[in-house]
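Notes for the structure review
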Amino acid sequence: MVTRALVLAVTIAVQVLAVPIYISPSLQHSLKLKDSVDVFITLKDRPSSVFSRVNNLSFATREQRLNMLVTSLKQHASLSQEPVLDFLTTKSSVTVKSFWISNQVWVKNVDAKLLEVLAVREDIIEVTEVGSVPLEQSINSKAAQQICSNEWGIERIGAPEVWGKGNTGKGVLVANIDTGVRYTHQDLKENFVGEYGWFDPYFSTPTPDDRNGHGTHTMGIICGKNGIGVAPDASWTACRGCDNFSCTYATLLACGEFMICPTRANGTEPDCSKAPRLVSNSWFVILGEMKRWILPAL
């Protein structure tokens, strides 16, 4: 009864604000069933102003543009998040992670009482329950392997003709945010970029691996050698944004930050000059959720 009363109080408090804070219905429902939930806090001061400012500037190199963008986003997030982070650090029951790419804060173990306090803060525009993106499961085919020089899809799109004109992806760094990549795979091991080529927000593994197979499959389509990839001479980097069954919003955002300005596998020494030119995201999200959390990162 106490939890339900607090959830009702949150709803009433939000309704009387001049600019109502959005509290997701799923979050309010979950707090009727559980003592605490994990949430995303979105700060009112959105990063769109940062993107607009950087886009209006001229830079001699792509690296300079990325450095300016990342520095500006980090400064923007630090200033606007400081008050709420200071407040949350006084709550020993919660765990907090800040995201500069979208100016959001992930908070673990938020109860109805804490939500009631967050709901009336003027620096917050919405609080939503942490969600995840379902991952399409791979199909293990037992059919006999066809012996051919190129996969049928490669032939269908006319990739060999493009290769014949000298366009094989050489000199281009590509990436995926997926379940990881088995970097020892015979068709991928030669063009793994190496340093600054892997980040794993799930398990903090030092080298690329794939516990599902989905990410290895998609990377193979992009740049696998021996007739399985469209750009076989491109180099690749990857970030594990998904586990075996789904991709959490938090890990996808962590991977987004890595793609803009890659770090070493342990998350240190960022170097924006290592950013890939192309990033594959082979997963889906419903439009409403995309608008709320992924579009700012894009």
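Structure: above.
Calculation rules
Residues numbered from 1 in each chain as written. Predicted model: local features only at pLDDT ≥ 70, side-chain atom pairs only at ≥ 80, totals over all residues. Heavy atoms only, no water. Helix = DSSP H or I, 4+ residues; strand = E, 2+ residues; numbered from the N terminus. Buried < 20%, exposed > 50% of the residue type's maximum accessible area, 1.4 Å probe, protein only. Contact = heavy atoms within 4.5 Å. Areas by Shrake-Rupley, 256 points an atom, 1.4 Å probe, with all protein chains shown as cover. Pairing = 2+ DSSP bridges. Axes fitted to C-alpha atoms, helices over the stretch in contact; angles between N-to-C directions. Phe/Tyr/Trp six-rings, centres within 6.5 Å; stacked < 30°, edge-to-face > 60°. Core = buried A, V, L, I, M, F, W, Y, C linked by side-chain atoms within 4.5 Å. Parallel < 35°, antiparallel > 145°, perpendicular 65-115°, else oblique. Left-handed = near helix turned anticlockwise from the far one by under 90°. Nonpolar A, V, L, I, M, F, W, Y, C, P; charged D, E, K, R; others polar.

What follows covers the overall build of the chain. Counting secondary structure elements, the chain contains ten helices and eleven strands. The buried share of the chain, reckoned over its 298 residues, is 45%. For the chain, the proportion of contacts with a sequence separation of at least 24, taken over those separated by at least 6, is 76%. For the chain, the accessible area works out to roughly 15,900 Å², and carbon and sulfur atoms hold 54% of it.

Reading across from one edge, β8-β9-β7-β11 is the order of the four strands in this open sheet, with parallel pairing throughout. Only two strands of the sheet have a single neighbouring strand rather than two, namely β8 (198–199) and β11 (278–280). Summarising the sheet, strand β7 (residues 173–178) and β11 pair through three bridges and their orientation is parallel. By the bridge assignment for β11, A175 is matched with V279. Packed on one face of the sheet, helix α8 (residues 214–223) meets β7, β9 (235–240) and β11 and runs near 155° to β7. Sitting on the sheet, helix α9 (residues 249–260) is in contact with β7, β8, β9 and β11, with an inclination near 150° to β9.

Pairing is mixed across the open sheet formed by five strands, whose spatial order is β1-β5-β2-β4-β3. Strand pairing shows two members of the sheet lacking a second neighbour, β1 (22–23) and β3 (95–99), which therefore form its edges. Two elements, β3 and strand β4 (residues 104–111), share five bridges in a ladder whose sense is antiparallel. Bridge pairing links K97 to W106 in β4.

With that out of the way, let us pick up the pairing of β7. In terms of burial, β7 is a largely internal element, six of the six residues being buried. Of the two faces of β7, the one lined by L173, A175 and I177 and the one lined by V174, N176 and D178 are each fully buried. Direction of pairing for β7 relative to β9: parallel, over a ladder of six bridges. Among the inter-strand pairings, A175 is bridged to a residue of β9, identified as T237.

What follows concerns the packing of aromatic side chains. A complete count under the given rule lists five aromatic pairs for this structure. Centre to centre, the rings of F40 and F99 are 6.0 Å apart; their planes meet at 50°, and the pair counts as tilted. Of this pair, F40 sits in strand β2 (residues 36–43) while F99 is found in strand β3, placing the two residues 59 residues apart along the sequence. Accessibility classification places F40 together with F99 in one group, the buried group. With centroids separated by 4.7 Å and ring planes inclined at 40°, the aromatic side chains of F192 and W236 adopt a geometry described as tilted. Of the two residues, F192 is situated in the loop between β7 and β8 and W236 in strand β9; the sequence distance between them amounts to 44 residues. Residue classification places F192 among the buried positions, given a relative accessible area of 18%. By the ring-pair criterion, three or more aromatic residues cluster together here, those being Y183, F192 and W236.

So, about the nonpolar core. Among the nonpolar cores identified, the biggest contains 33 residues, and F40, F99, W100, C247, L252 and W283 are the most heavily contacted of them. When residues of this core are traced back to their parent elements, those giving at least two are α3 (48–55), α4 (62–88), β7 and α9. Sequence-distant contacts of C247, defined by excluding residues within four places in its chain, comprise S132, V133, L135, Y202, G241, C242, L252 and W283. Residues L31, V94, L114 and V127 belong to the second largest nonpolar core, which totals 22 residues.

With that settled, the discussion passes to the packing of α3 against α4. Where α3 meets α4, the closest approach of the two axes is 10 Å, and the angle between their N-to-C directions is 155°. On the basis of the axis angle, α3 is roughly antiparallel to α4. The crossing of α3 and α4 is right-handed. Along its contact with α3, which presents S49, V50, F51, R53, V54 and N55, the element α4 presents R65, M68, L69, S72, L73 and H76. Broken down by class, the residue content of the contact of α3 with α4 amounts to six nonpolar, four polar and two charged.

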